[in-house]
Amino acid sequence: MLDRPNDPLLQPFQLKHLMLKNRIMSTAHEPAYSEAGMPTERYRLYHVEKARGGIALTMTAGSASVSRDSPPAFGNLLAWKDEIVPHLKRLTDDCHEHGCAVMIQLTHLGRRTNWNKGDWLPVLAPSPIREPAHRHFPKEIEDWDIERIVEDYATAAARMQEAGLDGIEFEAYGHLMDSFWSPATNRRDDEFGGSLDNRMRFSNLVISAVRKAVGPDFIVGIRMVADEDWDKGLSRDEGVEIAKRFASGGKIDFLNIIRGHIEHDASLNDVIPIQGMAASPHLDFAGDIRAATKFPVFHAARIADVATARHAIAEGKLDMVGMTRAHIADPHIVRKIIEGREHQIRPCVGATYCLDRIYEGGEALCIHNAATSREALIPHDLPKAEKPRKAVVVGAGPAGLEAARVLAERGHHVEVLEASSRAGGQVNLLTRSPRRKEMVGIVDWRLAELERLGVSIHYDTYAGVDDVLGFDPDLVVIATGGIAQSPELEAGDDLVVSSWDILAGSVKPEGPVLLYDDNGGHPGMSAAEIIANAGVELEVVSPERFFAPEMGGMNHVPYAKTFAENNVRVTINTKLVGVRRDGNALLATLGSDFSDVRVERRVAQVVVEHGTMANADLYLELKPLSRNRGAVDYAALIERRDPLPIKDEAARFDLVRIGDAVESRNVHAAIYDALRYCSLL
């Protein structure tokens, strides 16, 4: 443990009676780990891991619903239920054991949900204006709705106090509370509309009721939009005025500042930027609010690196800096700072796989930390193996690098064999898109860890059986990835090129181009983005109901923007049937699962994206020589026992294959394969 008394990030911060031990927090977000709206074991352990990692404050929920007619949009906690209290008490107590404060975000979602969730009650808003993100037409809130919701906020806050939390914050961006503030969503002509005093009336009623319920000492803050950055929305001047009123009103203890609006995916990305966008875009604005109010200010918006976080505190822009997605990638950031190991922090690469999964109905997962949210099964700090083994990992893509890292952390001697002259596998294709260059962090972090752990990588080694057996291994991990494949066509397999060809630059786009994507993820869309940005006429064809269904809304935005700006034609519900030559051009035949009608497109180039075929030749050669014959006991794997059954006692080594060497999947699946197997071997 190093003594770092002058590090701004490690200075304590006094918030009312609460002493926060450093300046780093995880802001409220809903990872969708709840069960029936309750923060059960998975939810609790996710927050406790950050507490173990040294964070000063973890904010739960994003947001917890205070009323039955605020139904969960994506796994929200149900703060209107009494049964939430013991769950939150255990979470809070466990985090407190590590010196970490715990708060929760409370909200009424207003129009940012839908009527066909929860109890199918009418969804409310100050005015009946459609919310595009959830395709909802809300009911105009009535006086009796306001009365009961104000009471719901108060009783929910009292439950949080009973659970022993250190405080609460109200959510006021895109939800009911700030919908009253914004001229874009409040067209009322009664005492809740018109003047700023009137538009603040609802939030003031809520805050007063909550203060009455929890008393003057309980910490109450607000995460609020102070500028909707929208010609018809809340202006900067009015937003700053609202912040000033809260700061001087004596009932709010901190401001957590947001800039922007979130009614559709494109604007949401400006609030929560993804890779390829500017880092910490609203930090200076949050600093302006702190200067204007002279009040405690928190903020998070893609502050992913320690240097920026340190700058935010050192320059007096923030009192607490939110590194939320960064802690999904590495929950031990603070501990590594304290121990002088900043270089070992696993970077957030901005892929936003976490949020995309939430918005598509899944749970938050980090694209390259598969232990996050699986703390009950896989520790972030890997224990040493009982008996060191000699391991050979074939392939230095994400799966192979992670396998080598995990095995080396557990004390095994590891050799990595890589066919090419550089590590990275398919990540090297992804980073050919300038917007996705940050993905290289997945590779670079692991290479640095392997260097620290003394693992050798043998490049330009197209490994055969003899190469592998020459190391006399006890364990062989096949991570040879996959090979781009084409969809089944009636004709013309030799006339198409793959998305890999475009991404690698081995084939230049020639227009017009037809790109057929029945994989539905980043590879096809990245190729389309490169083609469109080259100024080449492009049509994207998909057999799905909408393009790129394997991607969530946040990553959809930059592709959609590129397509709109370059007049890219998108055709859905359509299949590529075949391709034939027509003079110097190609004729692509298109059909459909819905009709026998076929049409043709005359193009210069047909690009296809059909996932990968497992590169399994070496695995198949080694399989009969291995102790387990390549077999996996899935029950043992899931139950966290040795998953490789003994089929031949006389054989020398165990054999496992992972990632795309098994089947076409994604980066997270490859890394999860490596972690879940190699942490048991």
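Residues numbered from 1 in each chain as written. Predicted model: local features only at pLDDT ≥ 70, side-chain atom pairs only at ≥ 80, totals over all residues. Heavy atoms only, no water.

1. Quick look at the overall build of the chain
Counting secondary structure elements, the chain contains 23 helices and 27 strands. Taken against the 2.2 N^0.38 rule, which gives 26 Å for 681 residues, the C-alpha radius of gyration of the chain at 27 Å falls within 12% of a compact globule. Projected onto its principal axes, the C-alpha coordinates of the chain cover approximately 75 × 65 × 45 Å. Taken across its 681 residues, the chain has 61% of its residues classed as buried. A separation threshold of at least 6 residues defines the contact pool for the chain, and within that pool the share at least 24 residues apart is 71%. If you sum the accessible surface of the chain, you get close to 26,400 Å²; carbon and sulfur atoms cover 48% of it. For the chain, the distance from the average site of its 78 positive side-chain charges to the average site of its 99 negative ones is 2 Å. (Helix = DSSP H or I, 4+ residues; strand = E, 2+ residues; numbered from the N terminus. Rg over C-alpha atoms; globule rule 2.2 N^0.38 Å. Buried < 20%, exposed > 50% of the residue type's maximum accessible area, 1.4 Å probe, protein only. Contact = heavy atoms within 4.5 Å. Areas by Shrake-Rupley, 256 points an atom, 1.4 Å probe, with all protein chains shown as cover. Lys, Arg positive; Asp, Glu negative; His and termini not counted. Charge placed at Lys NZ, Arg CZ, Asp CG, Glu CD.)

2. Some thoughts on helix α20 (residues 553-565)
Over its 13 residues, α20 extends 18 Å from the first C-alpha to the last, a length consistent with the 18 Å expected when each residue adds 1.5 Å. When we look at burial in α20, the residues that qualify are Gly553, Met554, Asn555, Val557, Pro558, Tyr559, Thr562 and Phe563. Its buried side turned inward, α20 meets α8 (265-271), α13 (353-359), α19 (522-533), β20 (538-541) and β21 (569-571). Once α20 finishes, Asn567 follows within two positions and takes phi at roughly 55 degrees, a positive value. (Expected span 1.5 Å × (residues − 1).)

3. A look at the layout of surface pockets
Counted as a void, the second largest pocket has a volume near 740 Å³. For the lining of the second largest pocket, the secondary structure elements donating two or more residues are α8, α13 and α20. For the lining of the second largest pocket, the per-class residue count stands at 12 nonpolar, 10 polar and five charged. (1 Å grid on protein atoms, 1.4 Å probe; cavity = no way out; pocket = protein on both sides within 12 Å on 5 of 7 lines; lining within 4 Å. Points joined across faces, edges and corners; volume = space filled by probe spheres on them. Nonpolar A, V, L, I, M, F, W, Y, C, P; charged D, E, K, R; others polar.)

4. So, the packing of helix α3 (residues 143-162) against helix α6 (residues 201-214)
For the pair α3 and α6, interaxial distance at closest approach is 8 Å and the crossing angle is 40 degrees. Here the hand of the crossing between α3 and α6 comes out right-handed. For the pair formed by α3 and α6, the contact residues are Ile146, Ile149, Val150, Tyr153, Ala154, Ala157, Ala158 and Gln161 on the first element and Phe202, Leu205, Val206, Ala209, Val210, Ala213 and Val214 on the second. Class assignment for the residues of the contact of α3 with α6 results in 14 nonpolar, one polar and no charged. (Axes fitted to C-alpha atoms, helices over the stretch in contact; angles between N-to-C directions. Left-handed = near helix turned anticlockwise from the far one by under 90°.)

5. A short note on the sheet that holds strand β15 (residues 456-458)
The pairing of strands in a sheet happens through backbone hydrogen bonds and is either parallel or antiparallel. Strand order in the open sheet formed by five strands is β15-β14-β13-β16-β27, with parallel pairing between adjacent strands. Each having just a single partner strand, β15 and β27 (654-657) make up the two edges of the open sheet. Across the sheet, the axes of successive neighbouring strands diverge by a mean angle of 20 degrees, strand direction being ignored. In the sheet, strand β16 (residues 475-478) pairs with β27 via four bridges, with the strands oriented parallel. Bridging across to β27, Val476 finds its partner in Leu655. (Pairing = 2+ DSSP bridges.)

6. Re the pairing of strand β22 (residues 575-582)
Here β22 pairs with strand β23 (residues 585-591) via seven bridges, running antiparallel. Residue pairing across strands places Asp582 opposite Ala585, the latter belonging to β23. As consecutive antiparallel partners, β22 and β23 are separated by two residues, and within that stretch Gly583 has a phi angle of approximately 65 degrees, a positive value.

7. Re empty space enclosed by the protein
Applying the stated criterion across every chain, the model contains three cavities of 30 Å³ or more. One number sums up the size of the largest cavity: a volume of about 500 Å³. If you trace the largest cavity, you find 33 residues lining it, with Ala28, His29, Tyr173, Ile272 and Leu355 closest to the centre. Counting residues per element, the ones that place at least two in the lining of the largest cavity are α8, α11 (324-329) and α13. Of the residues contributing to the lining of the largest cavity, the split by class is 20 nonpolar, seven polar and six charged. Its boundaries defined by the atoms lining it, the second largest cavity holds a volume of some 120 Å³. Counted by class, the lining of the second largest cavity contains four nonpolar, five polar and six charged residues.

8. Overview of a positive patch on the surface
On the surface, Arg422, Arg432, Lys437 and Lys508 cluster together into a patch of positive charge. Along the chain, Lys437 falls in the loop between α15 (427-430) and α16 (440-453). Residue class for Lys437 comes out partly exposed when judged on its relative accessible area of 48%. (Patch = residues over 30% accessible without salt bridge, like charges linked within 9 Å, V, L, I, M, F, W, Y side chains within 5 Å. Salt bridge = Lys/Arg side-chain N within 4 Å of Asp/Glu carboxyl O.)

9. A short note on the UniProt feature "domain: NADH:flavin oxidoreductase/NADH oxidase N-terminal" (unreviewed entry) in the chain
With numbering matched to this structure, UniProt assigns "domain: NADH:flavin oxidoreductase/NADH oxidase N-terminal" (unreviewed entry) to residues 9-343. Summarising residues 9-343: 36% helix, 16% strand, and an end-to-end C-alpha distance of 16 Å. (UniProt positions renumbered as here; feature names shortened; annotations may be inferred.)

10. Some points on the packing of α19 against α20
Any two packed helices are characterised by the angle at which their axes cross and by the distance between the axes. The interhelical angle for the contact between α19 and α20, taken along N-to-C directions, is 30 degrees, at an axis separation of 9 Å. The angle between the axes of α19 and α20 places the two elements in the roughly parallel class. Here α19 and α20 pass one another in a crossing that is left-handed. On the side of α19, the interface is formed by His522, Met525, Ser526, Ala528, Glu529, Ala532 and Asn533, while α20 contributes Asn555, Pro558, Tyr559, Thr562 and Phe563. The class makeup of the residues in the contact of α19 with α20 is six nonpolar, five polar and one charged. (Parallel < 35°, antiparallel > 145°, perpendicular 65-115°, else oblique.)

11. Focus on the environment of Val476
Assignment of secondary structure puts Val476 in strand β16. Judged by its relative accessible area of 0%, Val476 falls in the buried class. Through-space distance from the C-alpha of Val476 to that of Gln275 is 35 Å; in sequence the pair is 201 residues apart. Apart from the residues lying within four places of it in its own chain, the contact partners of Val476 are Val392, Val468, Leu622, Phe653, Asp654, Leu655 and Val656.

12. Some thoughts on the domain arrangement of the chain
Domain boundaries assigned for the chain yield domain 1 (13-346), domain 2 (390-483 + 613-679) and domain 3 (486-610). Each of domain 1 and domain 3 has a C-alpha centre, and these two points are 41 Å apart. Summing both partners gives a buried area of about 480 Å² for domain 1 against domain 3, and 73% of it is carried by carbon and sulfur. Here domain 1 is connected to domain 3 by zero salt bridges. The interface formed by domain 1 and domain 3 holds one residue pair in polar contact (both at pLDDT 80 or more) in total. A class-by-class count of the residues in the side of domain 1 that touches domain 3 yields four nonpolar, one polar and one charged. (Domains from an automatic or database assignment. Buried area = accessible area lost by both parts, 1.4 Å probe. Polar contact = N/O pair within 3.5 Å; in protein donor to acceptor, adjacent residues only side chain to side chain.)

13. Quick notes on the nonpolar core
Membership of the largest hydrophobic core comes to 105 residues, with the highest contact counts inside it found for Phe170, Trp181, Phe202 and Met224. Leaving out residues up to four positions away in the same chain, Phe202 has contacts with Ile146, Ile149, Val150, Tyr153, Leu176, Met177, Phe180 and Phe192. Judged by nonpolar contacts, the second largest core, of 47 residues, contains Ala391, Val393, Leu450 and Leu475. (Core = buried A, V, L, I, M, F, W, Y, C linked by side-chain atoms within 4.5 Å.)

14. Quick word on the environment of Leu109
Topologically, Leu109 is positioned in the loop between β5 (101-107) and β6 (124-125). The exposure class of Leu109 is buried, given its relative accessible area of 1%. Taking the C-alpha atoms as reference, Leu109 lies 12 Å from Glu263; in sequence the two are 154 residues apart. In contact with Leu109, other than residues within four places in its own chain, are Ser65, Ser70, Pro71, Ala73, Asn76, Gly174, His175 and Leu176.

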